[in-house]
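Letter by letter, the chains look like this.
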There are 2 protein chains.
Amino acid sequence: MGVTIYEVAREAGVSPSTVSNLLNGRSGRMLPETRARVEAAIRRLGYRPNRAARQLRNGRVQVIGLVVPSVANPFWGAFARHVEGAALTQGYHVLLCNSERDPDRERGYLEELWDDGVTGVILCTSLPSLTHVLPLVKRGLKLVTFDRTAQAGDPAGLTNISVDNVVGAQLATEHLLSLGHRRLGFISGALGSVNRKERYDGFRAALVAAGLDPDDAVVWSEAYEDTFGDLDAAGLGRAAAREILTGANPPTGIVAINDMCALGVYAGARDAGRRVGTDVSVVGFDDIVLADLVDPALTTVRQPLADMASTAFDNLRSRLESPATGPGHSLLIRPELVTRSSTTPPV
Amino acid sequence: MGVTIYEVAREAGVSPSTVSNLLNGRSGRMLPETRARVEAAIRRLGYRPNRAARQLRNGRVQVIGLVVPSVANPFWGAFARHVEGAALTQGYHVLLCNSERDPDRERGYLEELWDDGVTGVILCTSLPSLTHVLPLVKRGLKLVTFDRTAQAGDPAGLTNISVDNVVGAQLATEHLLSLGHRRLGFISGALGSVNRKERYDGFRAALVAAGLDPDDAVVWSEAYEDTFGDLDAAGLGRAAAREILTGANPPTGIVAINDMCALGVYAGARDAGRRVGTDVSVVGFDDIVLADLVDPALTTVRQPLADMASTAFDNLRSRLESPATGPGHSLLIRPELVTRSSTTPPV
DNA sequence: ATGAAAGCGCTAACAT
DNA sequence: ATGTTAGCGCTTTCAT
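Criteria and cut-off values
- Residues numbered from 1 in each chain as written.
- Chains lettered and ligands numbered in written order.
- Predicted model: local features only at pLDDT ≥ 70, side-chain atom pairs only at ≥ 80, totals over all residues.
- Heavy atoms only, no water.
- Helix = DSSP H or I, 4+ residues; strand = E, 2+ residues; numbered from the N terminus.
- Expected span 1.5 Å × (residues − 1).
- Buried < 20%, exposed > 50% of the residue type's maximum accessible area, 1.4 Å probe, protein only.
- Contact = heavy atoms within 4.5 Å.
- Polar contact = N/O pair within 3.5 Å; in protein donor to acceptor, adjacent residues only side chain to side chain.
- Axes fitted to C-alpha atoms, helices over the stretch in contact; angles between N-to-C directions.
- Parallel < 35°, antiparallel > 145°, perpendicular 65-115°, else oblique.
- Left-handed = near helix turned anticlockwise from the far one by under 90°.
- Nonpolar A, V, L, I, M, F, W, Y, C, P; charged D, E, K, R; others polar.
- Near = heavy atom within 4 Å.
- Domains from an automatic or database assignment.
- Buried area = accessible area lost by both parts, 1.4 Å probe.
- Salt bridge = Lys/Arg side-chain N within 4 Å of Asp/Glu carboxyl O.

Turning our eyes to something else, we now look at helix 11 (residues 259-271) of chain A. In an α-helix, one turn spans 3.6 residues, which is why side chains three or four residues apart end up on the same side. Residues and elements named next belong to chain A. Under the 1.5 Å per step criterion, the end-to-end length of helix 11 is 18 Å for 13 residues, consistent within 8% with the ideal 18 Å. For helix 11, the buried fraction is high: 11 of the 13 residues fall into the buried class. Buried within helix 11 are the following residues: D259, M260, C261, A262, L263, G264, V265, Y266, A267, G268 and A269. In this structure, the buried side of helix 11 is in contact with helix 5 (74-89), strand 6 (184-188), helix 10 (233-246), strand 8 (253-256), strand 9 (281-286) and strand 10 (299-302). Where helix 11 begins, the side chain of N258 points an oxygen toward the backbone nitrogen of M260, at a separation of 3.2 Å.

Here it is in structure tokens:
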């Protein structure tokens, strides 16, 4: 197929090892003259090293895996783009996988990636238990989890990167409270995932701190039957809002589990004949690009996505490139509230 | 590292070639008894073939490249997800690259992918010329372009898959015309890419067919300076709509180059004190998930994305797996108009 | 029906 | 300072 290191060696009148030495930054032990000759040969022949051979020999590739619930979701799309950007600057490529939040798919992907020689993966999951990927971690897979805080029973040597969901949800809820809302709603998918649970905890904590009974809040958390999947956070928000707002004693302020869900709430409110920002206030979570585009512009809890993505990549890379395992750690990023027009005092 | 084929062979009391034969579907020439023994050994040892070794030997990998402008854009995110889904069913993986519509990045990625042993790529580009990737194609890279129709001077053996942009834009424009609009606007990024140009042509064709002078239309196509990039189609739509709608003799109906741009137009209209679906009608292109979620729901030209994605993958795979090159061809998909609430008769 | 052996392209001891 | 060489794990003729 392509030009091999032997042909370069012959062209330059040296041995393959000299070419290899140059290629691997060991040009110090080489006559400048020789070096120039080899470099010229490489250029003349348009030589490019065969990665498969390199990988077979060295056991590693400059590729990381990225497992997200679904890139069709703008939040994950944006995250993927940032990860890819960070990887690119370090000469790494990104293998993309959509898990649909299915543990079996997560595990299956990690195994496939491992077979591909990929030894580092950023796994975006919020599953409370990581037992399904434990065998891989034991074999040496370096894992950075994103969107999931450390849990008891996690394997050692793991890095977790997540926004502080409790604080974020508190900020959102306190904002509604400070506007004068007293009857609040919380709309989410099933609370089985740790980040949703944490956001819910933050929501309740804020209510308690304000002297309210959190059990009076209207909570819509899709039951075990996963009708909507992750893809359709918007569909879920829409159905939930429609039901809640047409029910008895509807809330005047709603905390949505994330921005896509909040956009669904917009639609559901419309279906129910209410207007967001007037009849009902809505706060989201994430601050996706669309949040500032919709009408009314969405008040939301911002995740510093670009920073988090490059932190995740950098951490993974350093663990990939340095032999030391380290104890692993958790990074909890503090989010901030971005106030826009979807939240107003109650009528 | 892992278990090798030699260990399996020893465990089963056979030679490596027998194991390899089994692995490669040549189990017919084998005593059922032997076969069972090998299979048991594989299972017992948890053997998984080393892909790098396989690739080095065979020269191919079950990986395709996917180059999109940016997965942060929901349209491309959705497309990427569909491609990955199609690939998965055939045991292929997808290496994701964001080109930002930069020819240098496109070329750079293709070269990197080639070095990785990836010989098939779905390239989402609308660049009129493909000269920057020609060297790779000559070396044997199989290319399927998406979102770009065949152009004169294209290398042979190329498959192009695209929606019929001319027809799509015509449908959009005719719809506005049939509603009674006479003063129309067209909002787009620079018309340097073939799909934008085609949509613009369709827009003009519909105007001409209706007996209108297309030069009377208000056309906003961002000049050479790329202030917004592809990422920010929405920002562009917003700025354009704001300017156009506050200018003299504003249009009553607007065709936006795509849905993200249309959502920007919504915001720009709002900035200008107009309401979409009442004061001004807007048609988009793509039918992303959000189109049905926003207020008013967006009338748009639907691209059958899932079908197009699997067609693109299937075509690439068949060219990858069969030695014949074939003449290459273009697939022009006919889009359909989805009428929603953003378009109404002019006031 | 099964095995032996060469070699894919590269790297790193280990020579010289 | 540079060259020789032995594999990394797999597949595939070519033997047996």
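Turning our eyes to something else, we now look at the packing of helix 8 (residues 165-178) of chain A against helix 9 (residues 194-209) of chain A. Residue and element names in this part refer to chain A. Put simply, helix 8 and helix 9 touch, their axes get as near as 7 Å, and they point 40° apart. Judged by the angle between their axes, helix 8 and helix 9 are oblique. In this structure, helix 8 meets helix 9 at a crossing whose hand is right-handed. Taken together, the residues of helix 9 that come into contact with helix 8 (itself represented by N165, V166, A169, Q170, T173, E174 and L177) are N195, E198, R199, G202, F203, A205, A206 and L207. Of the residues in the contact of helix 8 with helix 9, the class split is seven nonpolar, five polar and three charged.

Close to DNA strand C lie 25 residues; I5, Y47, R54 and R57 of chain A together with T34 of chain B are nearest. Counting only atoms of DNA strand C within 4 Å of the protein, the sugar-phosphate share comes to 71%. With respect to DNA strand C, the backbone of I5 of chain A contributes an N or O atom lying 2.5 Å from a phosphate oxygen. Those elements giving two or more residues to the surface near DNA strand C turn out to be helix 1 (5-12), helix 2 (16-23) and helix 4 (51-58) of chain A together with helix 2 (16-23) and helix 4 (51-58) of chain B. Per-element tally for the surface near DNA strand C: the top contributor is helix 4 of chain A, with four residues.

What follows is about the protein's contact with DNA strand D. Neighbouring DNA strand D are 26 residues; S17 of chain A together with I5, Y47, R54 and R57 of chain B lie closest to it. Considering the 4 Å shell around the protein, atoms of DNA strand D inside it are sugar or phosphate in 66% of instances. Between DNA strand D and T34 of chain A there is a distance of 2.5 Å, counted from a phosphate oxygen to a side-chain nitrogen or oxygen. At 3.0 Å, a backbone N or O of N50 of chain B approaches a phosphate oxygen of DNA strand D. Those elements giving two or more residues to the surface near DNA strand D turn out to be helix 2 and helix 4 of chain A together with helix 1 (5-12), helix 2 and helix 4 of chain B. Examining the composition of the surface near DNA strand D, we find that four residues originate from one element, helix 4 of chain B, more than from any other.

Another point: the domain arrangement of chain A. Entries for chain A in the domain assignment read domain 1 (5-49), domain 2 (61-164 + 305-334) and domain 3 (165-303). Taking only C-alpha atoms, the centre of domain 1 of chain A and the centre of domain 3 of chain A are 62 Å apart.

A few words now on the interface of chain B and chain A. Each partner contributes to the interface: chain B provides 46 residues, whereas chain A provides 46 residues. Contact between chain B and chain A buries roughly 4200 Å² in total, counting both sides, with carbon and sulfur atoms accounting for 56%. Contact with chain A buries area across many residues of chain B, yet R48, R81 and L293 of chain B alone supply 15% of it, more than any other trio. Counting every contact that joins chain B to chain A gives 11 salt bridges. The residue R270 of chain A makes a salt bridge to D295 of chain B at a minimum N-O spacing of 3.6 Å. Counting the contacts that link chain B with chain A gives 24 residue pairs in polar contact (both at pLDDT 80 or more). When grouped by side-chain class, the residues that make up the side of chain B that touches chain A number 24 nonpolar, seven polar and 15 charged.

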